[in-house]
Amino acid sequence: MTQETFQSYMDTKSPEERKQYIDKQVAQGNPKYTERNTWLKENADKIRISKLEAQVNEILAKLPK
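Rules used throughout
- Residues numbered from 1 in each chain as written.
- Predicted model: local features only at pLDDT ≥ 70, side-chain atom pairs only at ≥ 80, totals over all residues.
- Heavy atoms only, no water.
- Helix = DSSP H or I, 4+ residues; strand = E, 2+ residues; numbered from the N terminus.
- Phe/Tyr/Trp six-rings, centres within 6.5 Å; stacked < 30°, edge-to-face > 60°.
- Buried < 20%, exposed > 50% of the residue type's maximum accessible area, 1.4 Å probe, protein only.
- Salt bridge = Lys/Arg side-chain N within 4 Å of Asp/Glu carboxyl O.

Caption draft 1: Molecular detail of the environment of Lys62. With respect to the secondary-structure elements, Lys62 resides in helix 4 (residues 44–62). Considering only alpha carbons, one finds Lys62 and Trp39, 23 residues apart in sequence, at a separation of 34 Å.

Quick look at the structure:
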């Protein structure tokens, strides 16, 4: 299978489908997944930085080159 033909779960499923899958895995006790609130708390800094990065990129795109 080549990289061009491979589509990840992220590419083939909607955000709602991915959320349902993760919620199901958490309910089944899969240790690979953590509850949503726990994950959000653990990744709050990464999420904040990602949002700031997107804002900076928007500003930079508006500046004349």
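Text resumes after the structure shown.
Caption draft 2: Just the packing of aromatic side chains, in detail. The final tally for this structure, using the stated rule, is 1 aromatic pair. Relative to Tyr33, the ring of Tyr21 lies with its centre 6.0 Å away and its plane at 90°, an arrangement referred to as edge-to-face. Of the two residues, Tyr21 is situated in helix 2 (residues 15–27) and Tyr33 in the loop between helix 2 and helix 3 (36–42); the sequence distance between them amounts to 12 residues. Among the residues examined, Tyr21 registers a relative accessible area of 32% and is labelled partly exposed. Relative accessible area serves as the criterion here: at 21%, Tyr33 is assigned to the partly exposed category.

Caption draft 3: A look at the pattern of salt bridges. Enumeration according to the criterion identifies 3 salt bridges in this entry. The salt bridge involving Asp23 is made with Lys19; its shortest N-O contact spans 3.1 Å. Taken together, the residues span about one helical turn, with Asp23 and Lys19 both in helix 2 at a distance of 4 residues. Judged by its relative accessible area of 41%, Lys19 is partly exposed. Here Arg36 makes a salt bridge to Asp23, at a shortest N to O gap of 3.2 Å. Of this pair, Arg36 sits in helix 3 while Asp23 is found in helix 2, placing the two residues 13 residues apart along the sequence. Note on Arg36: relative accessible area 35%, which makes it partly exposed. Looking at Asp23, the relative accessible area reads 33%, which means it is partly exposed. Here the salt bridges share partners, and the residues they tie into one network are Lys19, Asp23 and Arg36.

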